[in-house]
Amino acid sequence: MSKMKYLLLTAVMMIALAGCGGNTTTGGSADNKLTVGLMPDVDSVPFIVAAEKGYFAEEGVEVTLMPFKSAQERDSALQSGNLDGAVSDVLALCFFKEGGFDVAAASATEGSYKLIGKKDGATNLAALTDGDVAVSKNTIIEYVTDCILERGNMGDTGVNKVIIPQIPVRLEMLQNGKVDGATLPEPMATVAVADGGVQIADSVDMGINPGVFIVTKAAATNKKEAVQAMYRAYNKAATYLNTAPKEEYIDMVCEKSGFPPAARETLELPQYSKAVLPSREDVQGVSKWLKDKALVNNDYGYEDVVTDILP
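Presented here is an overview of the structure given in this document. The structure presented is a predicted model; accordingly, all values stated were derived computationally and were not measured.

## Topic: the overall build of the chain
Item 1. When helices and strands are counted, the chain shows 14 helices and 11 strands.
Item 2. In summary, the chain has a C-alpha radius of gyration of 19 Å against a globular reference of 19 Å for 311 residues, a match within 12%.
Item 3. For the chain, the C-alpha atoms occupy an extent of roughly 55 × 50 × 35 Å along the three principal directions.
Item 4. Classification of the 311 residues of the chain by burial places 56% in the buried group.
Item 5. Entry remark: accessible area of the chain is about 12,900 Å², with carbon and sulfur atoms responsible for 49%.

Set out below in structure tokens:
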């Protein structure tokens, strides 16, 4: 997304967010309050559970969760000062740095991204050649798609990329056969497969994990204790999700996350680890992709975009 578009969206998001609601814990001073942006994917689930199970409150931090349907909306909210942090990715992080907005990756996330073919359509990557594949432009979704195409010796022009920013709309377009394929996060990818789609490639199988949780410099500096308390609550939620029966949390998670109804039956969560820093390989891979596509002017090393404030 261009820097100009980021700026144009800022005013819109400031108005929209004024009327948005979210899950909020209670108590705490101004420096002990955080507003966190979430996406409709499995990376956001531990934050939802931490709020609903009272883990944030147990750690003495007040956290408001704000849901978004597209990366552009989330990034505009961050840039306009409405968020302290968000479930995001290294690409967005580098774009922020390029635009002079100081944010950093505080931890890796654990979602996966899958290229799914439409029902009764392509069953392998070669069969998608010259087909329409839905992605979101200059995001983790396009990055993963290009990695898939490169490893399949198709280059980044092997398919016709159709730009559909909102994840639910991208899923619907695939389900309705309006595109030949789509790259989707979990659980939307599994929902698509359950509806007859075919999994063609998976970022986990490829060892790609460019997802991160990012924090603003202001939050990292002025609210460090609150951020660390948030992560202690996150770690509790990760432990809970790894051990609790699915029946205990599935209805709540689907309701609060914005997952489609079909996710209740198909949702398979990853084995969540406690919060850890992102890998150097993932940061370097994204940085090279951005530079090769002339999307940024600067080279961003690991220390340029990662901050170690984990508890």
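After that view, the rundown keeps rolling.
## Comments concerning the nonpolar core
Item 1. Core analysis: the biggest nonpolar cluster contains 104 residues, and Phe 47, Val 49, Phe 56, Met 230 and Tyr 231 have the highest contact counts within it.
Item 2. Sorting elements by how many residues they give to this core places helix α10 (residues 224–243) first, with 11 residues.
Item 3. If we skip the residues at most four places from it in the chain, Val 49 touches Tyr 55, Ala 237, Tyr 240, Leu 241, Met 252 and Val 253.

## Comments concerning unusual backbone geometry
Item 1. Here the bond from Glu 186 into Pro 187 is cis, since omega is 10°, no more than 30 degrees from zero.
Item 2. In this fold, Pro 187 is placed in the loop between β9 (181–185) and α8 (188–194).
Item 3. Backbone geometry at Asn 138 places phi at a positive 55°, although glycine is not the residue there.
Item 4. Its location among the elements puts Asn 138 in the loop between β7 (132–135) and α6 (140–151).
Item 5. By relative accessible area, which is 13% here, Asn 138 ends up buried.
Item 6. Notably, Ala 294 is not glycine yet its phi reads approximately 55°, a positive angle.
Item 7. Of note, Ala 294 is situated in the loop between α13 (280–292) and α14 (302–305).
Item 8. Among the residues examined, Ala 294 registers a relative accessible area of 63% and is labelled exposed.

## Some details on the pairing of strand β8 (residues 160–163)
Item 1. Pairing analysis gives 4 bridges linking β7 to β8, with the strands arranged parallel. Along β8, the bridge assignment pairs Ala 134 with Val 162.
Item 2. This β-α-β element, β7 to α6 to β8, shows right-handed connectivity.

## Notes on the environment of Pro 245
Item 1. You can see Pro 245 is positioned in the loop between α10 and α11 (246–257).
Item 2. Remark: the alpha-carbon pair of Pro 245 and Pro 40, spanning 205 residues in sequence, is separated by 22 Å.

## Description of the side chain of Asp 75
Item 1. Structurally, the position occupied by Asp 75 is in helix α4 (residues 71–79).
Item 2. Looking at Asp 75, its side chain comes within polar contact range of the side chain of Arg 74, at 2.8 Å.

Basis of the calculations
All residue numbers refer to position in the chain's written sequence, counted from 1. Whole-chain, interface and lining totals are the exception, using all residues; otherwise, since this is a predicted model, local features are given only for residues with pLDDT of at least 70 and side-chain atom pairs are given and counted only at 80 or more. Side-chain metrics in this entry use all non-hydrogen atoms of the structure; hydrogen atoms and water are not considered. Strands here mean DSSP runs of E at least two residues long; helices mean DSSP runs of H or I at least four residues long; both are numbered from the N terminus. Only the C-alpha atoms count toward the radius of gyration. The rule for a globule is 2.2 Å times the residue count to the power 0.38. Exposure is judged per residue with a 1.4 Å probe applied to protein chains only, and the accessible area is read against the type maximum: over 50% gives exposed, under 20% gives buried, and values in between give partly exposed. Values of accessible area rely on a 1.4 Å probe in the Shrake-Rupley scheme; residue burial ignores everything except the protein chains shown. For this analysis, a nonpolar core means a set of buried residues of the types Ala, Val, Leu, Ile, Met, Phe, Trp, Tyr and Cys, connected via side-chain atoms within 4.5 Å. Between two residues, a contact is recorded if the distance between any of their heavy atoms is within 4.5 Å. Pairing between strands is defined by DSSP: at least two bridges between them are needed. Viewed with both strands pointing away, a crossover whose connecting path from the first strand over the helix to the second turns clockwise is right-handed. Each polar contact in these results corresponds to two N or O atoms within 3.5 Å; when the atoms are within protein, one needs to be able to donate a hydrogen and the other to accept it, and residues that are neighboring in sequence are counted only if both atoms are side-chain atoms.

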